[in-house]
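The chain contents come next:
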Amino acid sequence: MTARRYLQLDVFAAHPGAGNPLAAVIDADGLDDAAMQAIAAWLNLSETVFFLPPQPGADYRIRIFTPKMELPFAGHPSVGAAWAAVERGLATPDDEGRLVQQCAAGLLPVRVQGGGRFRLLHVRSPRAVQRDTAAPPLPPGLAALAHPGAEPVLWNNGPDWWLLEAADETALRRYRPELGAIAALPGNGKLAVFAAAARPDVGYQYAVRAFAPGVGVDEDPVTGSANALVAAHLLAQGRLAPGQQYRASQGRERGRNGEVHVQVDAEGHVWIGGEVQPVIDGHIAW
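Described below are features of the structure shown in this document. (Residues numbered from 1 in each chain as written. Predicted model: local features only at pLDDT ≥ 70, side-chain atom pairs only at ≥ 80, totals over all residues. Heavy atoms only, no water.)

Focus: the overall build of the protein chain
A tally of helices and strands in the protein chain yields six helices and 17 strands. Against the compact-globule benchmark of 19 Å for 286 residues, the protein chain has a radius of gyration of 18 Å, which places it among compact chains. With the principal axes as the frame, the protein chain shows a C-alpha extent of 55 × 40 × 35 Å. A buried classification covers 55% of the 286 residues belonging to the protein chain. In the protein chain, the share of contacts with a sequence separation of at least 24, taken over all contacts with a separation of at least 6, comes to 62%. Carbon together with sulfur atoms contributes 50% to the accessible area of the protein chain, which is approximately 11900 Å² in total. (Helix = DSSP H or I, 4+ residues; strand = E, 2+ residues; numbered from the N terminus. Rg over C-alpha atoms; globule rule 2.2 N^0.38 Å. Buried < 20%, exposed > 50% of the residue type's maximum accessible area, 1.4 Å probe, protein only. Contact = heavy atoms within 4.5 Å. Areas by Shrake-Rupley, 256 points an atom, 1.4 Å probe, with all protein chains shown as cover.)

See the structure below:
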């Protein structure tokens, strides 16, 4: 049994308790796949990241596990891992605040702005692809929630997420998820539902809820990968253009108040960013 440096962070959070918890095992070298999966299951957070020695071309390397499986990419683990890598001295941004993260999805650019409690981090999502998969019929609650003419579409940027646009933010926030039907969706049973903000003066442009019962997370508090896919979907529809950005609100239904910064660069790549708050700093023995 080895004592390994351990952090628990709150990601996409302006203050502790507002975002999505992330476990980070800093010294994961020597842990095999089974041990990493067992730790993630025992911690039982939506994701746990494990830091390992990077390969050439990367500043740091992580593997990402849910309580049930490994993910090639996930947004809040990537943003939180970037914070941990800088804060713990595993990686140093260049003069323009750039880093490169290695994960199962490949080498991902990272941008770091500011420092300390005011550090803002953005990770470039892997390129999104819309899958040619027909959705099964919606359960009654989701069918009532859907924007007229909108149907679920399956997108992938490492993980698969079904996306569905809701007609109304208030109805989205009141929706009681039909978890059995969502878990049965192809692509590991994950669905993100989004709606335009009901008012223009609330500080965000979209509200998002993300349900992933197929991978052991009934409702994720704040979800970077799903928010990146919502942006890719809006981009494909011509409702978002290169160079534009917006903010998304997620997590209030879980007692949180997460804020995701979404940017589309000149080449059409989607960047997901936010603030990170340290909550627990210690060691894990495994």
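Re the environment of Ala 84
Here Ala 84 shows up in helix H2 (residues 75-87). You can call Ala 84 buried: its relative accessible area is 0%. In contact with Ala 84, not counting residues within four places along its chain, are Leu 7, Leu 9, Ile 26 and Phe 51.

Some remarks on helix H1 (residues 33-43)
Restricting attention to buried positions, one finds in H1 the residues Ala 35, Met 36, Gln 37, Ile 39, Ala 40 and Leu 43. Residues of H1 that are buried make contact with strand E1 (3-11), strand E2 (20-25), strand E3 (48-52), strand E4 (60-65), strand E5 (70-71) and strand E17 (270-285). Directly beyond the C-terminal end of H1, a positive phi value near 60° is found at Asn 44.

Some points on H2
With 13 residues, H2 should reach 18 Å at 1.5 Å per residue; the first-to-last C-alpha distance of 18 Å fits that figure. For H2, the buried fraction is high: 12 of the 13 residues fall into the buried class. Just beyond H2, the residue with positive phi is Gly 89, at close to 75°. (Expected span 1.5 Å × (residues − 1).)

Section: the nonpolar core
Grouped together as the largest cluster of nonpolar side chains are 59 residues, with contacts concentrated most on Val 49, Phe 51, Tyr 60, Ile 62, Trp 161, Leu 163 and Tyr 246. Judged by nonpolar contacts, the second largest core, of 18 residues, contains Ala 166, Tyr 175, Leu 185 and Ala 197. (Core = buried A, V, L, I, M, F, W, Y, C linked by side-chain atoms within 4.5 Å.)

Notes on unusual backbone geometry
Notably, Asn 44 is not glycine yet its phi reads approximately 60°, a positive angle. Tracing the backbone through its elements, the reader meets Asn 44 in the loop between H1 and E3. In this structure, Asn 188 is a non-glycine residue whose phi angle is positive, near 70°. Owing to a relative accessible area of 44%, Asn 188 belongs among the partly exposed residues under this scheme.

Here's the deal with the packing of aromatic side chains
The tally for this structure, following the rule as stated, stands at six aromatic pairs. Judged by centre distance (6.1 Å) and plane angle (40°), the rings of Phe 51 and Tyr 60 are tilted. Taken individually, Phe 51 and Tyr 60 each receive the classification buried, so the pair is uniform in this respect. Aromatic rings pair up to connect Phe 194, Tyr 206 and Tyr 246 into one cluster. Arg 111 extends its terminal NZ or CZ atom over the ring of Trp 271, reaching a point 4.0 Å from the ring centre. (Phe/Tyr/Trp six-rings, centres within 6.5 Å; stacked < 30°, edge-to-face > 60°. Lys NZ or Arg CZ within 6 Å of the ring centre and 35° of its normal.)

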